[in-house]
Amino acid sequence: MNVLVTGGSGYIGSHTVVELMTAGHEAIIVDDLSNSKECVVSRIASICGRKPSFYRINCTDAGKLARVFVENDIDAVIHFAGYKAVGESVTTPLAYYRNNIDSTLTLLEVMEAYGCKKLVFSSSATVYGPENPHPYREDMPAIQSASPYGWTKVMIERILTDYCTSKPDFCAVLLRYFNPIGSHTSGLLGDDPNGIPNNLMPYIARVAAGQLEKLTIFGNDYRTPDGTCQRDYLHVVDLAVGHLKALEYAQDHEGVEAFNLGTGKGISVLELVKAFETANSISLPYVIGPRRAGDLPAFWADASKAKNILGWEAKLSVEDMCRSAWSFASSS
Ligand code: NAD
Ligand code: UDP
């Protein structure tokens, strides 16, 4: 298959491109490099032995996106492109709504113009919002969110649902990711955000590398076993494999379908810090700080739907996640 991967030089996108190419597909990356670097493309090439096509294009540019469809016979699209920092979305909501919604609408219009009917979309566990009890199941109402970022995911899920109603032969697979961490075993790809990381693991990795002084744990007074927040951390390579399963599913299905991609287990911030220290024989300086606005105490996935229907389940351990994250951070 020829698969257009928007946001394909980003963290999850680059790992997914590797899995796609390893499985014999062609990957065509569209990325504006707003949160990634072009060297990722040659790193993918050195892992896979061949280079994916790369277009430095903003997905909101319909004309340039159309050119990609003209030059490549696109069979399916995986849509990663979007801004993803929860806190930043609170301070710059218009940028988030403009980029995330507009890029999706533009992509759908261009897909329609070129008869492309298979889409896998990067959604998030954030769509379950603060009201649903965990573990989250796909049949729970996904109509709330705690941030403008989260609302963009809720809105895009709605847009895709309405679009599938109007185009019964279109298939949109909504993948609701939990907390991807870790890196490709080569140490060449990983989570390397521009600026100071917002997410826990890249922050830990930069502290371990001595680039940041210490980790601040956002609150230890939650009603959880050790007082710190619990999340469902999964290895990014497992997550990437989930996209191939979703593409296979889309080939012989129509309509919209949501799947959680998580391990089904909650791990606390302190447990992850300890796991990183143990896996890498590193001592990690940290302090306990105040809670971060908008953080939920605990959530994880009910991952049974992906297992039963897609035949996907997370296989890699927390130790694998911590080792590979450090292998990337210490070599880049
Ligand atoms: P990332 O920032 O590493 O990758 C996103 C890529 O999209 C970047 O390379 C960026 O340059 C590009 N991009 C952004 N806007 C664009 C536009 N308009 N046109 C072209 N390229 C554009 O993020 P990631 O962690 O790989 O996340 C990928 C997707 O998964 C995002 O949609 C994110 O919201 C979603 N997601 C991520 C997580 C997570 O924890 N990382 C969790 C749930 C969902
Ligand atoms: N966290 C933390 N310190 C940091 C970054 C994150 O204590 O510097 C905590 C955060 O409060 C949350 C967990 O780590 O409980 C995961 O946060 P992240 O931003 O990685 O993912 P989220 O679940 O918020 O999408």
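Residues numbered from 1 in each chain as written. Chains lettered and ligands numbered in written order. Predicted model: local features only at pLDDT ≥ 70, side-chain atom pairs only at ≥ 80, totals over all residues. Heavy atoms only, no water.

(A) Focus on the site of ligand 1. Surrounding ligand 1, one finds 26 residues, the nearest of these being Asp-31, Ser-36, Lys-84, Asn-99 and Tyr-149. In this structure, an oxygen atom belonging to ligand 1 sits 2.8 Å away from a side-chain N or O atom of Asn-35. Between ligand 1 and Ser-36, the relevant distance is 2.7 Å, taken from an oxygen atom to a side-chain nitrogen or oxygen of the residue. In the complex, the protein chains occlude 96% of the 820 Å² of accessible area that ligand 1 would expose alone. Mapped onto the shell around ligand 1, the elements with two or more residues apiece are helix H1 (11-22), strand S5 (118-124) and helix H6 (148-166). In terms of residue class, the shell around ligand 1 is built from 11 nonpolar, 11 polar and 4 charged. (Near = heavy atom within 4 Å. Polar contact = N/O pair within 3.5 Å; in protein donor to acceptor, adjacent residues only side chain to side chain. Areas by Shrake-Rupley, 256 points an atom, 1.4 Å probe, with all protein chains shown as cover. Helix = DSSP H or I, 4+ residues; strand = E, 2+ residues; numbered from the N terminus. Nonpolar A, V, L, I, M, F, W, Y, C, P; charged D, E, K, R; others polar.)

(B) Geometry of the pattern of salt bridges. Enumeration according to the criterion identifies 20 salt bridges in this entry. One salt bridge in this structure joins Arg-137 and Asp-139, with 2.9 Å as the shortest N-O distance. Classification of Arg-137 as partly exposed rests on a relative accessible area of 37%. Its relative accessible area of 59% is what places Asp-139 among the exposed residues. Of the charged contacts, one joins Asp-295 and Arg-231 as a salt bridge, the two residues approaching to 4.0 Å between their closest N and O atoms. Note that Asp-295 is positioned in the loop between strand S13 (286-289) and helix H10 (304-310) and Arg-231 in strand S9 (residues 230-231), a separation of 64 residues in sequence. (Salt bridge = Lys/Arg side-chain N within 4 Å of Asp/Glu carboxyl O. Buried < 20%, exposed > 50% of the residue type's maximum accessible area, 1.4 Å probe, protein only.)

(C) Main features of the sheet that holds strand S3 (residues 53-56). One open sheet accounts for 7 strands, arranged S3-S2-S1-S4-S5-S6-S11; its pairing is parallel. Each end of this open sheet is capped by a strand with a single partner; those strands are S3 and strand S11 (255-261). Taken pair by pair, the neighbouring strands of this sheet meet at an average axis angle of 20°, ignoring direction. Sheet topology places strand S1 (residues 2-6) next to strand S4 (residues 76-79); 4 bridges connect them, and they run parallel. (Pairing = 2+ DSSP bridges. Axes fitted to C-alpha atoms, helices over the stretch in contact; angles between N-to-C directions.)

(D) Spotlight on the site of ligand 2. As a structural note, the neighbourhood of ligand 2 is formed by 15 residues, with Leu-200, Thr-216, Arg-231, Arg-292 and Asp-295 the closest of them. Residue Arg-231 places a side-chain N or O atom 2.7 Å away from an oxygen atom belonging to ligand 2. When ligand 2 sits alone it has 510 Å² of accessible area, and the protein chains cover 88% of it. Those elements that provide at least two residues to the shell around ligand 2 are helix H7 (200-208) and strand S8 (215-218). In terms of residues, the shell around ligand 2 owes the most to one element, S8, which gives 4 residues. Of the residues belonging to the shell around ligand 2, the class tally is 8 nonpolar, 4 polar and 3 charged.

(E) Fine view of the side chain of Lys-305. By secondary structure assignment, the location of Lys-305 is in helix H10. Judged by its relative accessible area of 18%, Lys-305 is buried. Among the polar contacts made by the side chain of Lys-305, one reaches the main-chain carbonyl oxygen of Ala-258 at a distance of 2.8 Å. In this view, Lys-305 contacts Glu-138, Glu-257, Ala-258, Phe-259 and Leu-310; residues no more than four positions away in its chain are not counted. (Contact = heavy atoms within 4.5 Å.)

(F) Molecular detail of the packing of aromatic side chains. Across all of its chains, the model carries 9 aromatic pairs by this definition. Taken together, Tyr-128, Tyr-136, Phe-178 and Phe-299 form an aromatic cluster joined through their ring pairs. In this arrangement the basic side chain of Arg-291 is found over the ring face of Tyr-222, its NZ or CZ atom lying 4.0 Å from the centre. Over the aromatic face of Phe-259 sits the side chain of Lys-305, whose NZ or CZ is 4.9 Å from the ring centroid. (Phe/Tyr/Trp six-rings, centres within 6.5 Å; stacked < 30°, edge-to-face > 60°. Lys NZ or Arg CZ within 6 Å of the ring centre and 35° of its normal.)

(G) Region of the structure containing the pairing of S1. Among the 5 residues in S1, 4 count as buried, and that is most of the element. Crossover connection from S1 via H1 to parallel strand S2 (residues 26-31): handedness right-handed. (Right-handed = clockwise from strand over helix to strand, strands pointing away.)

(H) Representation of the nonpolar core within the structure. If you look at the biggest cluster of nonpolar residues, it comprises 49 residues, and the most contacted ones within it are Leu-20, Ile-44, Val-173, Leu-175 and Phe-178. Element by element, the count of residues in this core is highest for helix H8 (residues 236-251), at 8 residues. If sequence neighbours within four positions are ignored, Val-173 has contacts with Leu-119, Val-120, Phe-121, Ala-246, Tyr-249, Ala-250, Glu-257 and Phe-259. Grouped together as the second largest cluster of nonpolar side chains are 29 residues, Ala-66, Val-68, Cys-116 and Phe-121 included. (Core = buried A, V, L, I, M, F, W, Y, C linked by side-chain atoms within 4.5 Å.)

Worth remembering: the numbers are spatial, not functional.
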